[in-house]
There are 2 protein chains.
Amino acid sequence: MAGTDQLSAVFSALSDPTRRAIIAELAERDATVTELTAPLSISMPAVSRHLKVLERAALISRSRSGKWRASHLESAPLREAADWIDRYRRFWDSSLTRLDAHLAAVQAAGRATDRMVDDPRELE
Amino acid sequence: MAGTDQLSAVFSALSDPTRRAIIAELAERDATVTELTAPLSISMPAVSRHLKVLERAALISRSRSGKWRASHLESAPLREAADWIDRYRRFWDSSLTRLDAHLAAVQAAGRATDRMVDDPRELE
DNA sequence: CCTTCACTTAACCATATTGTTAAGCGTATT
DNA sequence: AATACGCTTAACAATATGGTTAAGTGAAGG
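Residues numbered from 1 in each chain as written. Chains lettered and ligands numbered in written order. Predicted model: local features only at pLDDT ≥ 70, side-chain atom pairs only at ≥ 80, totals over all residues. Heavy atoms only, no water.

Trainee: Please provide a residue-by-residue account of the overall build of chain A, values included.
Mentor: Within chain A one finds seven helices and three strands. Burial analysis of chain A (124 residues in total) assigns 45% to the buried set. Summarising the internal contacts of chain A: among those between residues at least 6 apart in sequence, 50% fall at separations of at least 24. Looking at chain A as shown, the accessible area adds up to about 6,700 Å², and 52% of this sits on carbon and sulfur atoms. (Helix = DSSP H or I, 4+ residues; strand = E, 2+ residues; numbered from the N terminus. Buried < 20%, exposed > 50% of the residue type's maximum accessible area, 1.4 Å probe, protein only. Contact = heavy atoms within 4.5 Å. Areas by Shrake-Rupley, 256 points an atom, 1.4 Å probe, with all protein chains shown as cover.)

Written as structure tokens, this is what we have:
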């Protein structure tokens, strides 16, 4: 991954189709490494390392139960990635309906995050 | 980048903070390579290659005018990335109550017979 | 012209990524 | 107690990434 910041780690994690497939699976239910490996055409060590990448990006959390390790999808990093892209939603969403809805949601949630939607610039 | 598909290329392009800064800049106005290089702390050849990455992901288009090459932000790939992440918006969107989220999860889990049609899982 | 300017390409280096197979480690099972 | 299971780590190889400086290309301009 290029940067070591959180957002870079998230986008980098999402840039692999295997990891996106894992996220799609975990969106339905928590799963063990074996369960996640089954539909994929790669070895379990490879899946294990994909999970490590997802974990480092905080996209998943993991719990141990005996010899099984369950992976669980975490929403915060996905939200941050969506928020970053949403800065540019005006470029493609002519009606701006969804942006309005999002702004309303943010407003309802609290005013601490207002600057996030106002300033499109990234300081890095 | 891991995959060679469009979405992988887009997420991979977004995984670099320099490229995100370039996108933020182009969101305000089209710019030449020299203009884009000025605020960055890397050489022009490095910027040139970042632009090539963005172009390969179709995040920007470029036009030639004499000895200047202007970069222009394209919205479609950003929209596609946003659409992918939006599949999981129910996991964090505060406008959904806990019950709504639970029902959405149950619905997703119970769609086994409809997977060929609307399964959010990605095959490649 | 002949140089300067804007930019790209080439060559090089260091590091990261993604896959493999084999080995290790701890928990279950028999 | 011994074996099988679930998963991770190690070691290896191939390819990609991202930075540098130096050289090349083509248009502008004195």
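Trainee: Any chance you could break down the pairing of strand S3 (residues 68-73) of chain B for me, citing the residues and the numbers?
Mentor: Residues and elements named next belong to chain B. Looking at chain direction, strand S1 (residues 31-32) and S3 are connected through two bridges and run antiparallel. By the bridge assignment, Ala-31 is partnered in S3 with Ser-71. Across six bridges, the pairing between strand S2 (residues 60-65) and S3 is antiparallel. Pairing of Arg-64 across the sheet is with Arg-69, part of S3. Where S2 folds back onto S3 in an antiparallel hairpin, the turn is made up of two residues, including Gly-66, whose phi is positive at roughly 70°. (Pairing = 2+ DSSP bridges.)

Trainee: Talk me through the confidence of the model for chain A; I want residue IDs and the actual numbers.
Mentor: For chain A, per-residue confidence averages 83 on the pLDDT scale, and residues scoring 70 or more make up 73% of the total. Overall, residues 110-124 of chain A carries pLDDT values under 50, and its contacts beyond four positions in sequence, including any with other chains, amount to 21 contacts. (pLDDT = per-residue confidence, 0-100.)

Trainee: Lay out the sheet that holds S1 of chain B in plain terms, naming residues and giving numbers.
Mentor: Residue and element names in this part refer to chain B. Taken in spatial order, the three strands line up as S1-S3-S2 in an open sheet, and their pairing is antiparallel. This sheet does not close on itself; its edge strands, each paired only once, are S1 and S2. Strand contacts of helix H4 (residues 44-56): S2 and S3, with the helix running at about 125° to S2, the strand carrying the most contacts. (Axes fitted to C-alpha atoms, helices over the stretch in contact; angles between N-to-C directions.)

Trainee: Describe the sheet that holds strand S1 (residues 31-32) of chain A, naming the residues involved and giving the relevant values.
Mentor: All names here are of chain A. Strand order in the open sheet formed by three strands is S1-S3-S2, and the pairing between neighbours is antiparallel. Each of the sheet's edge strands pairs with one partner strand only, and the pair in question is S1 and strand S2 (60-65). Its contacts with the sheet put helix H4 (residues 44-56) on S2 and strand S3 (68-73), and the angle it makes with S2 is roughly 120°.

Trainee: I'd like a rundown of the packing of helix H1 (residues 6-14) of chain B against helix H5 (residues 76-86) of chain B, residues and numbers included.
Mentor: Residue and element names in this part refer to chain B. Where H1 contacts H5, the two axes come as close as 10 Å, and the packing angle between them is 100°. Relative to H5, the element H1 is oriented roughly perpendicular. Along the contact surface, H1 presents Gln-6, Leu-7, Val-10, Phe-11 and Leu-14, while H5 presents Pro-77, Leu-78, Glu-80, Ala-81, Trp-84 and Ile-85. Tallied by class, residues from the contact of H1 with H5 come to nine nonpolar, one polar and one charged. (Parallel < 35°, antiparallel > 145°, perpendicular 65-115°, else oblique. Nonpolar A, V, L, I, M, F, W, Y, C, P; charged D, E, K, R; others polar.)

Trainee: Quick rundown of the pattern of salt bridges? Include the residues and the values.
Mentor: If you walk through the whole model with that rule in mind, you get 12 salt bridges over all chains. Put simply, Asp-86 of chain A and Arg-89 of chain B hold a salt bridge, and the shortest N to O gap is 3.3 Å. Residue Asp-86 of chain A is found in helix H5 (residues 76-86), and its partner Arg-89 of chain B is found in the loop between H5 and helix H6 (98-109); the two belong to separate chains. Since its relative accessible area comes to 6%, Asp-86 of chain A is described here as buried. Connected through salt bridges with shared partners, the residues Asp-86 and Arg-89 of chain A together with Asp-86 and Arg-89 of chain B form a single ionic network. (Salt bridge = Lys/Arg side-chain N within 4 Å of Asp/Glu carboxyl O.)

Trainee: How would you sum up H1 of chain B? Please name residues and give values.
Mentor: Residues spaced three or four apart along an α-helix point in a common direction, a consequence of the helix completing one turn every 3.6 residues. The element H1 of chain B is largely enclosed, with a buried count of eight among its nine residues. Along H1 of chain B, the positions that sit buried rather than exposed are Leu-7, Ser-8, Ala-9, Val-10, Phe-11, Ser-12, Ala-13 and Leu-14 of chain B. Of the surrounding secondary structure, the elements contacted by the buried residues of H1 of chain B are helix H1 (6-14), helix H2 (17-26) and H5 of chain A together with helix H2 (17-26), H4 and H5 of chain B.

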